[in-house]
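# Secondary and tertiary structure notes
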Amino acid sequence: MRESGIDYEQVFRALPGSVALLRPDLVYADANEAFCRMSGRTREQLVGRYLFDVFPDNPTDASATGMRNLELSLRRVVATGERDTMALQRYDVEYPDRPGEWDERYWSPVNVPVLGPDGSVVLLVHRVEEVTELIRAKGGREGDHAKVLEAELYTRARELQEVNERLRQAHAREREVALSLQAAMLPVPGPVGRRRAAVRYRPAVGALNVCGDWYDLAELPGGRLAVAVGDVVGHGLHAAGVMGQLRSALSAAVRVADGPAAALDALGLYARSVEGAQSTTAVQVVVDYDSHTLTYSSAGHLPPALLHTDGSVEFLDQATDPPLGARPEHIPRPEAGTTFEEGGALVLYTDGLVERRREDIDTGLQRLADCLTRHGSADAERLADTVLAELLPRAGNSDDTAVVIVRL
């Protein structure tokens, strides 16, 4: 069996025990002999069918939660790309040869993502160990004692699962509030002179590491335009608050400073007084339309991309310095410049656009450059949508992503 260029037969050979493979839509892709034997279903009864059509909750048990708990776990793995170990579950199974009769069963499930070449989740490894016999321990005083202990274990596992669920709900509420706060603080770009600009922000899918990314555009005297993006370490409400302070500070500094390096110098000094601002990365670019020049400086941030009219892409990486607060003493930051042709494009972004687990950053940068070259004639809005569609994983980004595209 092959999918996305990967031979998933290797998954079965590498993983012991009872294992099934599920697609992200929770349809069975395959199951090994141990899983079929344990579940009482043949491979033909599993492959191609929706998980919960094969194994629904016991309709005679009003308190059954096995299906809900399993679906939440699997959806979480698809959204985050992270392994999820479930608490001990009661999940009754209908006898295959006796419709309407259910067998009380207990399971210990682990759900693991299988990632494709682009970092998205293409399959789920659903591995289960049956612990029914432990729960049903019988025979004499020792057996009764064992049954009490196992029942206690099951109760504690269920309590732990309920606590985890309440924590997830609390985190989800914090995430929603943080996103609302961030949306209120990030500017909605209006016209930037006669130029066209597009901004996009995509929060991480199913994760708390949101609200640290920001962007800013500011018109300067002489028809110039200042463009910046940054990334605060941390997440949630605190990161959103720090982000708002730093964005406002840099937006003010670039209006009075002598160039982008001086603006980042001022931001670095200010960041020392803001808890949580240390190690923030940021890049500031000033576009001078009269002289067709870009002046830029970076505080540990990924290099902006300059798309030339011939389709080539230049990464602005000649003025990179450590992130804010990385040095114990203040040292002026470097500044560099380059020229552009009318009709080109300037692209600033945060790491969620190009960084992937177990992949060299140069691969992500090349992917961005290739995308810009192929779609270089698109207007700013369409180009921004295309960049996100091609570069973000299909299952959703695991980190904040901010993108600013300015047509030159």
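All residue numbers refer to position in the chain's written sequence, counted from 1. The predicted nature of this model means local features are confined to residues of pLDDT at least 70 and side-chain atom pairs, given and counted, to a pLDDT of 80 or more, with totals for whole chains, interfaces and linings taken over all residues. Heavy atoms throughout the structure, all of them, feed into the side-chain values; hydrogens and water do not.

### Examining the overall build of the chain
Runs of E in the DSSP output that reach at least two residues are strands. Runs of H or I that reach at least four are helices, and both are numbered from the N terminus. Per the secondary structure count, the chain includes eleven helices and 21 strands. Looking at the chain residue by residue over its 408 residues, the buried ones come to 49%. Any two residues whose heavy atoms approach within 4.5 Å at even a single point are treated as in contact. Within the chain, counting contacts between residues at least 6 apart in sequence, those at least 24 apart form 64% of the total. Here the chain displays about 19100 Å² of accessible surface, and carbon together with sulfur accounts for 52% of that area. In this scheme, a residue with accessible area under 20% of its type's maximum is buried, one over 50% is exposed, and one in between is partly exposed, where area comes from a 1.4 Å probe on protein chains only. Here the Shrake-Rupley method, with its probe set to 1.4 Å, supplies the accessible areas, and only the displayed protein chains count as covering residues.

### Looking at the nonpolar core
Ranked by internal contacts, the top residues of the largest apolar core, which has 25 residues, are Y28, F35, L46, L51, F55 and L124. Only β3 (18-22), β4 (28-31), α2 (33-39), α4 (51-54), α5 (66-80), β9 (106-115) and β10 (121-130) provide two or more residues apiece to this core. Ranked by the residues each element gives to this core, the list is headed by α5, at four residues. Setting aside residues no more than four positions away along its own chain, Y28 makes contact with A20, L21, L22, F35, L46, V47, G48, R49, L51, V54 and F55. Here, nonpolar core means buried Ala, Val, Leu, Ile, Met, Phe, Trp, Tyr and Cys residues that are tied together by side-chain atoms lying within 4.5 Å of each other.

### A few points about helix α10 (residues 361-374)
The span expected for a helix works out to 1.5 Å for each residue beyond the first. With 14 residues, α10 extends 20 Å from end C-alpha to end C-alpha; this agrees with the ideal 20 Å at 1.5 Å per step. Within the span of α10, buried status applies to G364, L365, L368, A369, C371 and L372. Seen end-on, α10 carries its buried residues on one side only, within an arc spanning 160°. Seen from the buried face of α10, the exposed residues on the opposite side, beyond 90 degrees, are D362 and R374. The distance from a side-chain oxygen at the start of α10 to the backbone nitrogen of D362 is 2.9 Å, and the residue carrying that oxygen is D360. This arc is taken over the directions from the axis of the helix to the C-beta atoms. In the analysis that follows, any N or O atom pair within 3.5 Å is treated as a polar contact, provided that within protein one partner can donate a hydrogen and the other can accept it, and provided that, for residues neighboring in sequence, both atoms belong to side chains.

### Let's talk about the side chain of D84
Relative to the assigned elements, D84 resides in strand β5 (residues 84-85). Those residues in contact with D84 that sit more than four places away from it in its chain are S73, R76, V77, V110, N111 and R168.

### Side note on the confidence of the model for the chain
The quantity called pLDDT is the predictor's confidence in a given residue, expressed from 0 to 100. Looking at the chain, pLDDT values average 82 and 78% of them are 70 or higher. Note on residues 138-142: pLDDT is under 50 here. Beyond four places in sequence and across chains, it has two contacts.

### Here's the deal with the packing of aromatic side chains
Working definition: a ring pair exists when centres of Phe, Tyr or Trp rings (six-membered ring for Trp) sit within 6.5 Å. Plane angles under 30 degrees give stacked, over 60 give edge-to-face, the rest tilted. In the structure shown here, the tally under the stated rule is three aromatic pairs. Each ring, one from Y28 and one from F35, has its centre 6.1 Å from the other, and the planes form 55°; the classification is tilted. Residues Y50 and F52 carry aromatic rings whose centres are separated by 5.7 Å and whose planes lie at 80° to one another, so their mutual orientation is edge-to-face. Exposure remark for Y50: the relative accessible area of 28% places this residue in the partly exposed category. Overall, F52 belongs to the buried group, its relative accessible area being 6%. Its end group placed over the ring of Y95, R98 keeps NZ or CZ at 3.9 Å from the ring centre. Only when the NZ of Lys or the CZ of Arg is both within 6 Å of the ring centre and within 35 degrees of the ring normal is a charge said to sit over the ring.

### Side note on the sheet that holds strand β17 (residues 313-315)
Spatial strand order, β11-β21-β20-β16-β17: five strands in an open sheet with antiparallel pairing. Either end of the sheet is taken by a strand with one partner, and the two such strands are β11 (197-202) and β17. For this sheet the average axis-to-axis angle between neighbouring strands, irrespective of direction, equals 15°. Here, strands pair whenever DSSP counts at least two bridges between them. When strand β16 (residues 305-307) meets β17, the two strands line up antiparallel, connected through three bridges. Angles run from 0 to 180 degrees between N-to-C directions of axes, and those axes are lines fitted to C-alpha atoms, restricted for helices to the stretch in contact.

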